[in-house]
Amino acid sequence: MLKNRLMLIWAVIQLEAVGVVRLHVDENLSVTQIIKKHNYPVEEHTITTADSYVLKTFRIPHGQQGKPESRNVVLLVHGLASSSDDWILLGPDSLAYHLVDSGFDVWLFNARGTRHSRKHLKLDPEANATDFWNFSWEEIGLYDLPANIDYILNHTGAAKLFYVGHSQGGTANLVMLSQLPKMNEKIMAASLLAPAVYFVNEKSVALLKVVAVLFSPRVRKISFYEFPPKSSSHLTDISNQLCSFPGLITMCYNTIYFGAQLENHPIDQKLIPLIVQHAPSTLSTKQIHHYTQIMQSGEFKRFDYGTRRNLKTYGFSKPPVFDLSRITTPMLIFYGNGDFLASPLSVQKMTNELTNQHEVVEVPFDGFDHVDFLWARNAKELIYEKTLEMFQKYVN
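Residues numbered from 1 in each chain as written. Predicted model: local features only at pLDDT ≥ 70, side-chain atom pairs only at ≥ 80, totals over all residues. Heavy atoms only, no water.

## Observations regarding the overall build of the protein
1) Next: In terms of helices and strands, the protein carries 15 helices and 11 strands.
2) Next: Evaluated residue by residue, the protein yields a buried proportion of 54% over its 396 residues.
3) Next: Taking as baseline every contact in the protein between residues at least 6 positions apart, the subset at least 24 positions apart corresponds to 76%.
4) Next: For the protein, the computed accessible surface area is about 17600 Å², with 52% contributed by carbon and sulfur atoms. (Helix = DSSP H or I, 4+ residues; strand = E, 2+ residues; numbered from the N terminus. Buried < 20%, exposed > 50% of the residue type's maximum accessible area, 1.4 Å probe, protein only. Contact = heavy atoms within 4.5 Å. Areas by Shrake-Rupley, 256 points an atom, 1.4 Å probe, with all protein chains shown as cover.)

## What to know about the environment of Met 176
1) Next: As for its placement among the helices and strands, Met 176 is situated in helix α6 (residues 168-179).
2) Next: Spatially, the C-alpha atoms of Met 176 and Leu 145 are 7.4 Å apart, while their sequence positions differ by 31 residues.
3) Next: The residues touching Met 176, leaving out its near neighbours within four places in the chain, are Gly 141, Leu 145, Pro 146, Ile 149, Pro 181, Met 183 and Ile 187.

## Here we look at the pairing of strand β4 (residues 105-108)
1) Next: Burial along β4 is two-sided: the face carrying Asp 105 and Trp 107 and the face carrying Val 106 and Leu 108 are both buried.
2) Next: The pairing of strand β2 (residues 53-60) with β4 spans 3 bridges and is classified as antiparallel. From the neighbouring strand, Arg 59 faces β4, where its bridge partner is Trp 107.
3) Next: The pairing of strand β3 (residues 73-77) with β4 spans 4 bridges and is parallel. Residue pairing across strands places Val 74 opposite Val 106, the latter belonging to β4. (Pairing = 2+ DSSP bridges.)

## Topic: the pattern of salt bridges
1) Next: Per the stated rule, a full pass over the model turns up 11 salt bridges.
2) Next: Across the salt bridge formed by Glu 359 and Lys 386, the nearest N and O atoms sit 3.7 Å from each other. Here Glu 359, found in strand β11 (residues 358-362), pairs with Lys 386, found in helix α15 (residues 379-395); they are 27 residues apart in sequence, far enough to count as distant.
3) Next: Taking relative accessible area as the criterion, Glu 359 reaches 40% and is therefore assigned partly exposed.
4) Next: Ionic contacts of the salt-bridge type, sharing partners, join the residues Glu 43, Arg 59 and Asp 105 into one network. (Salt bridge = Lys/Arg side-chain N within 4 Å of Asp/Glu carboxyl O.)

## As for the confidence of the model for the protein
1) Next: The predicted model of the protein has a mean per-residue pLDDT of 85, with 77% of residues at 70 or higher.
2) Next: Every residue in residues 1-24 is under pLDDT 50, and counting partners more than four places away or in other chains gives 31 contacts. (pLDDT = per-residue confidence, 0-100.)

## Considerations on unusual backbone geometry
1) Next: The phi torsion at Asn 39 lies on the positive side, around 70 degrees, for a residue other than glycine.
2) Next: Residue position: Asn 39 is located in the loop between α2 (31-37) and β1 (43-48).
3) Next: Its identity as a non-glycine residue notwithstanding, Ser 167 has a phi of 55 degrees, on the positive side.
4) Next: Structurally, Ser 167 is set in the loop between β6 (161-166) and α6.

## A word on the environment of Pro 229
1) Next: Within the fold, Pro 229 resides in the loop between β8 (226-227) and α8 (233-242).
2) Next: The exposure class assigned to Pro 229 is partly exposed, which follows from its relative accessible area of 34%.
3) Next: Through-space distance from the C-alpha of Pro 229 to that of Ser 284 is 9.7 Å; in sequence the pair is 55 residues apart.

## Considerations on the packing of helix α5 (residues 137-156) against helix α11 (residues 285-297)
1) Next: Look at α5 against α11: their axes get within 8 Å of each other, and the N-to-C directions meet at 110 degrees. Judged by the angle between their axes, α5 and α11 are roughly perpendicular. For the pair α5 and α11, contact is made by Trp 137, Glu 138, Glu 139 and Ile 140 and by Lys 286, Gln 287, His 290, Tyr 291 and Ile 294, respectively.
2) Next: Its residues assigned to classes, the contact of α5 with α11 comprises 4 nonpolar, 2 polar and 3 charged. (Axes fitted to C-alpha atoms, helices over the stretch in contact; angles between N-to-C directions. Parallel < 35°, antiparallel > 145°, perpendicular 65-115°, else oblique. Nonpolar A, V, L, I, M, F, W, Y, C, P; charged D, E, K, R; others polar.)

## Things to note about the side chain of Glu 226
1) Next: Position of Glu 226 relative to the elements: it lies in strand β8.
2) Next: At 2.8 Å, the side chain of Glu 226 forms a polar contact with the side chain of Arg 118.
3) Next: Contacts of Glu 226, omitting those with residues within four sequence positions, involve Arg 118, Trp 133, Thr 282 and Leu 283. (Polar contact = N/O pair within 3.5 Å; in protein donor to acceptor, adjacent residues only side chain to side chain.)

## Focus: the UniProt feature "active site" (unreviewed entry) in the protein
1) Next: When the UniProt feature table is mapped onto this chain numbering, "active site" (unreviewed entry) sits at Ser 167, Asp 339 and His 370. Taking the farthest pair of C-alpha atoms as the criterion, the annotated set spanning 204 residues converges on one region, since that pair is 10.9 Å apart.
2) Next: By relative accessible area, which is 8% here, Ser 167 ends up buried.
3) Next: Beyond its immediate stretch of four places on either side in the chain, Ser 167 contacts Gly 79, Leu 193, Ala 194, Pro 195, Ala 196 and His 370.
4) Next: Tracing the backbone through its elements, the reader meets Asp 339 in the loop between β10 (331-335) and α13 (344-351).
5) Next: Of the residues examined, Asp 339 reaches a relative accessible area of 2% and is grouped as buried.
6) Next: Non-local contacts of Asp 339, meaning those with residues more than four positions away in its chain, are made with Ala 194, Pro 344, Phe 368, Asp 369, His 370 and Phe 373. (UniProt positions renumbered as here; feature names shortened; annotations may be inferred.)

Here is the structure:
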């Protein structure tokens with residue numbers, strides 16, 4: 001650890017010695033501090049799931065002008081390796097602020113295992129790692145989302161709420177609504193940004209090969225664990241420091257986001273140091289395993305434990321598929337033509353299984369990618385305003 005710290009200090013000294021000036025980034029501001037810095041009120045709520053995970057959810061009850069709390073409630077749900085932080089890092093144009101300024105009561109979700117939700121009534125994420133990290137996005141959809149939705153509706157007195165999910169936030173939403181049909185009655189409408197369900201793309205296949213090497217699908221012989229491992233936390237310190245130098249921003253971005261080229265994205269490079277401070281968040285390797293299984297089988301289905309355990313868990317030798325035809329919640333579904341994870345063909349395959357009222361929208365910006373939905377400088381005009389327009393139809 002000392003050696004790593006010394007390497008960090010040496011690298012920073014060398015860069016500063018040649019006159020490289022770091023971009024100014026507020027050091028280690030928490031979510032609540034960032035929200036307060038932007039002059040919005042914020043609350044922290046603790047929510048316990050039916051299987052005893054303790055989650056933290058943030059709330060922005062009203063806008064800067066001190067308006068009364070709205071009964072139009074919206075839950076924002078992050079993607080894989082992300083957290084509630086994603087929805088506020090874009091600054092004044094962030095989706096959270098755009099919705100709250102438009103009269104919505106905004107709640108920011110944090111799934112189990114993320115930086116804000118690392119607690120359990122009986123398990124410790126380190127001492128009981130094998131049990132604590134034994135979850136996928138399936139459990140997030142079956143336990144975390146219902147617990148949040150029921151808590152929020154009870155706390156606010158609203159009959160229904162609106163839902164926005166990015167990537168895995170879309171996956172978990174479809175799991176919940178297909179497996180727990182009554183939850184459809186509690187969501188007024190949903191906006192899914194690049195939902196990660198199917199992976200019909202050459203780059204997705206290439207990524208699968210890498211994932212298959214790093215995370216062996218022989219799940220019966222391994223245990224699941226935290227990723228990135230806590231032992232690599234010093235690397236986060238290094239990246240936070242080095243990624244504040246302009247000359248290294250592109251490298252930092254490309255390393256974190258699957259080698260995507262920053263110059264092809266409508267993202268302000270000055271935002272990268274702040275993003276690196278808050279992303280990626282921790283997750284369970286079982287979440288990655290589950291996506292790998294979807295990539296390999298081409299079926300959106302429950303976790304595959306192998307024949308023997310599948311029979312014990314599901315009563316079938318193969319895991320059941322998620323029946324998307326059971327979903328009745330109206331949806332607005334976005335995809336970008338530069339997104340190799342939720343590619344146009346992947347989204348089309350998903351929507352072919354939906355029977356609910358839904359509209360599919362290609363983001364009108366060539367090369368729009370998976371992370372652009374969160375941090376593109378034009379995300380507000382391309383996505384957020386259309387989402388707001390759809391929600392307001394149901395409000396009215």
